[in-house]
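The residues making up each chain are set out below.
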Amino acid sequence: MKTFCGRANPTTGALDWVEESEEYDYHQEIARSCYADMLHDKDRNEKYYQGIRAAVRRVKARGERVVVLDIGTGTGLLSMMAVTAGADFCYAIEVFKPMAQAATCITERNGFADKIKVINKHSTEVTVGPDGDMQERANILVTELFDTELIGEGALPSYEHAHMHLVKAGCEAVPHRATVYAQLVESDMLWKWSQIQTIEVDGNKLLPPSAVVECAGAPSVCDIQLSQVPPESFTSLGPICTMFSVDFSKPVSSAAQSYTAQFKAQTSGRAQVVLSWWDIDMDPDGNIVCTMAPSWTYSEPRTYPWRDHWMQSVYFLPAEKNVSEGEELSLIVSHDDYSLWYSLTNSEQNDVKVAQFRTCCTCQAHLVWTRPRFGELNDEQRTESYVNALRSILKPDSVCLSVSDGSLLPIFAHLLGYRKVFSLENSGMAKQVIEQVLHTNSLKHGVQLLGIRPEQLSVADLEGNQISVLMGEPYFSTSLLPWHSLFFWYCRTAVAQLLQPNAAILPRAATLYIVAVEFRDLWRIRVPCGTCEGFDRSLDFRESWEAEPHPLWEYPCRALTKPRPVMTFDFTQCVPEQPINSEGTVPFTGRGCCHAVVLWMEYQLTEDITVSMGLTKPVSEEGACEWNPHRKQGVFFFRSVRETSGNGREDLSYNLTFEPHTGDIKMDFSVTEP
C-alpha cells in the first residue's frame, strides 16, 4: 500500500506530497497524534472507567449477558476496562489499520485475547449474525467519538447507525449523554481573528473591503485552549447557556436541527463571539461528569483537568450586533451531522429563518488568511514596526518588490510614497483578495500584482525597472515550522539578477533562537504511555524525534536557560551552496524538569528594528515566557525528562545544520554535565 505524506518544502514554498516506502512506519503518525494526551488524561480515563463499571452492574442486575460494543477503540483501553468490570465479551471496532493492530497487540499482552475481538472496519460496515463480525447485538455501547466541537468526528451518524444495526433497544451507553454550553461575549482580541480592522499607515486609513466586512467568515470551528484567554480580554453579554443535550442510550438522529436559548443581556456591548464547550455524563443520573469547561469557570482554577485532545470552541457570529443591557436575546445553535454554528436574534423576532446550512466564506479572505493570520494583520504594534522600517529605507525613486502570501506590505509601501511597487502573488485567490483591498481604497494602480513565481520574473514584468527594495514579512501559507519561511531567502536568490547593486533587503536577516523549557502541561502529549488505569499501554516502536509546531501562547512554560541565538541567515546574500552548522552549549539557569527546546525566528527588518516570531518580551526572573500569538513556534521534545539544578551543573548542548538543498534544519539537543 502506498503512503503519501505532506512535507513543507522551504526551497519552493510549496507543500510536497512525498510517497513513502512500503516500510513506512504508520506508528510515527500515531505517536504524533493525540493518543498520548488521551492516555494521560486521568480525569477522562477515571470517569470512563466509573461509567463502564456502573453500566456493567446495571446490565448484570437485569440478569443479562453483558456484550459491549466499543466504537473507535483506539488502543483498546475502554474495551479492557469493560472486560475487567465484568463484561462477558467486547467487540472493539477501529477503522485505522495500524491502530487496530496496536489494539490487538495491547489487548493480547494484557491477557484479553479471548474476551476482546478487534474489528478493523468502519462501524457502518460491521455485520451482525452467525457469519458476521459480531455474533449478536451489544447491550452496552461504549464510544469515544468526540472532538472539541463534540460532533466533528461523525459521532451522530455513527450513533445513528449503531442503534439501528449493532445494539439492542434499551441498551446502556457510556457516555450516557452530552450537553453543549455557550456564552455570548464581546472581545476585540477574538474578533480580530475574524475581521480585518481599519489600519492606519502614515496618516492614511486602509479600509477593509465591504465584501470582507459583510462576510460570515470561515465555516470551521476555532478550537483553542480557552483557559489561556484571560477573562479580562472579553465581556460576558449573557450567562452560560445550556444549548442542547444528546441522549446516547436512545436512537440518535444526524439530521440538521436548531436549538434556542433565551436570556436578557447582562450589559450593553457588541455581540461578536460565542464561547462554547460540552460535558459528558457517564451515567443516567449525571453523577459521573467529565467537563470541558475552561479553568476560569472553576471556583478553584487549579483543579482544572488539562487536556489537549478536547479543548473549547470559539464561534464568530456572521456579523457583530449591538445589544443593550436588559434586551431580550435569543442565541441559536444549529448543527448538521458534523458541525455547529451560532446566530443571534432579538427574542421578539419569532419569524427569523434559521440557516439550515452552516455559513461559509464568500469574500475569499477567510480562505486565504487563517485566524491567527487575521490577528497578525490586525496587530498595530507589528504594523508600526514594518511601516517604520519601510519609511527608513524609502528613497524618491524606490522600486519595490514584495514576496509574501496575501501581504499588505506592498500597499504600505505605496502609501509611504514608493515610486513603483510590485508584488508576487502566486495564489490566484490571494491575488483577488489584495485586489479587493486596493479597489476599496482607490489604490487599484498603486500596486502591480504579478501572479508568477520568483524564478519566472523578468525585467519586462518590472516594466524595465530593477529592484531597489526587496521585502517580505516573511509569511507563506505553507510554512509549518519557523524556518520554513526561509523560502523568502530562496526567492531573494531567484531574483538576484534583477536587484540593483545597492538594493535594500527587508528583512536584512533572520536569526534562529532556542530556549530550554519546562512545560506546565504540554509535556503530556509526548511522554511515553506506559500503564494507564492498570493496563500496559506500551508499544514496540520508537518515534523519530524532530521539531513540531505549536502555538505556545496556549501552552504555558518556564524557561530553564537564557534564550540563545544559534544561527543567522543573511538575506543580503544569496543562499549558500554549503550547509550552515552551529553547535555549542547553553548553561541551565533555572531549576526544574527540562521537557523540550523551543525554536523560533527573529527578523532584523533594519539595523534598529526587529520583529520576533517567538518571545515578545524578555523572560522574567522566574522564567515566565510570553509568546507571539500569531505564529507557531518549533518544539523539540526530549525522549525523557531531565531534572536541572539551575546552579550551572548542567548545560544544554545543541548541534544544528541548515541544509541549503532541502531548506530544512537537522538538529540534536541533549542535557549534559560539564
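Residues numbered from 1 in each chain as written. Predicted model: local features only at pLDDT ≥ 70, side-chain atom pairs only at ≥ 80, totals over all residues. Heavy atoms only, no water.

Turning to the sheet that holds strand β6 (residues 138-143), a few remarks are in order. As summarised here, the arrangement of the five strands in space is β5-β4-β3-β6-β7, forming an open sheet in which the pairing is parallel. Every other strand in the sheet has two partners, leaving β5 (116-119) and β7 (167-174) as the edge strands with one partner each. Here the strands of the sheet are splayed against their neighbours by 25° on average, with no regard to which way each runs. For β6 and β7, the ladder comprises four bridges, and the chain directions are parallel. In the strand pairing of β7, Leu 141 is matched with Ala 173. Helix α3 (residues 42-61) rests against β6 and β7 of the sheet, and its axis sits at about 145° to β7. (Pairing = 2+ DSSP bridges. Helix = DSSP H or I, 4+ residues; strand = E, 2+ residues; numbered from the N terminus. Axes fitted to C-alpha atoms, helices over the stretch in contact; angles between N-to-C directions. Contact = heavy atoms within 4.5 Å.)

Burial analysis of strand β25 (residues 509-519) places 11 of its 11 residues in the buried class, which makes it a mostly covered element. Across the two faces of β25 the burial is the same, with Ala 509, Thr 511, Tyr 513, Val 515, Val 517 and Phe 519 and Ala 510, Leu 512, Ile 514, Ala 516 and Glu 518 all buried. Across nine bridges, β25 lies against strand β32 (residues 592-604) in antiparallel orientation. Within the sheet, the bridge partner assigned to Thr 511 lies in β32 and is Glu 602. With three bridges joining them, β25 and strand β29 (residues 557-559) adopt antiparallel strand pairing. Each bridged residue has a counterpart across the sheet, and for Glu 518 the counterpart in β29 is Arg 558. (Buried < 20%, exposed > 50% of the residue type's maximum accessible area, 1.4 Å probe, protein only.)

Take the pattern of salt bridges next. Applying the stated criterion across every chain, the model contains 31 salt bridges. The partner of Asp 521 in a salt bridge is Arg 524, and the shortest N-O contact between them spans 3.6 Å. A residue is classified by how much of its surface remains accessible, and Asp 521, at 10% relative accessible area, is buried. Overall, the relative accessible area of 24% leaves Arg 524 in the partly exposed class. (Salt bridge = Lys/Arg side-chain N within 4 Å of Asp/Glu carboxyl O.)

The subject of this paragraph is the environment of Arg 58. Its location among the elements puts Arg 58 in helix α3. Assessed through its relative accessible area of 23%, Arg 58 is described here as partly exposed. With 566 residues separating them along the chain, Arg 58 and Ala 624 place their C-alpha atoms 50 Å apart. Of the polar contacts made by the side chain of Arg 58, one reaches the side chain of Glu 172; its length is 2.9 Å. (Polar contact = N/O pair within 3.5 Å; in protein donor to acceptor, adjacent residues only side chain to side chain.)

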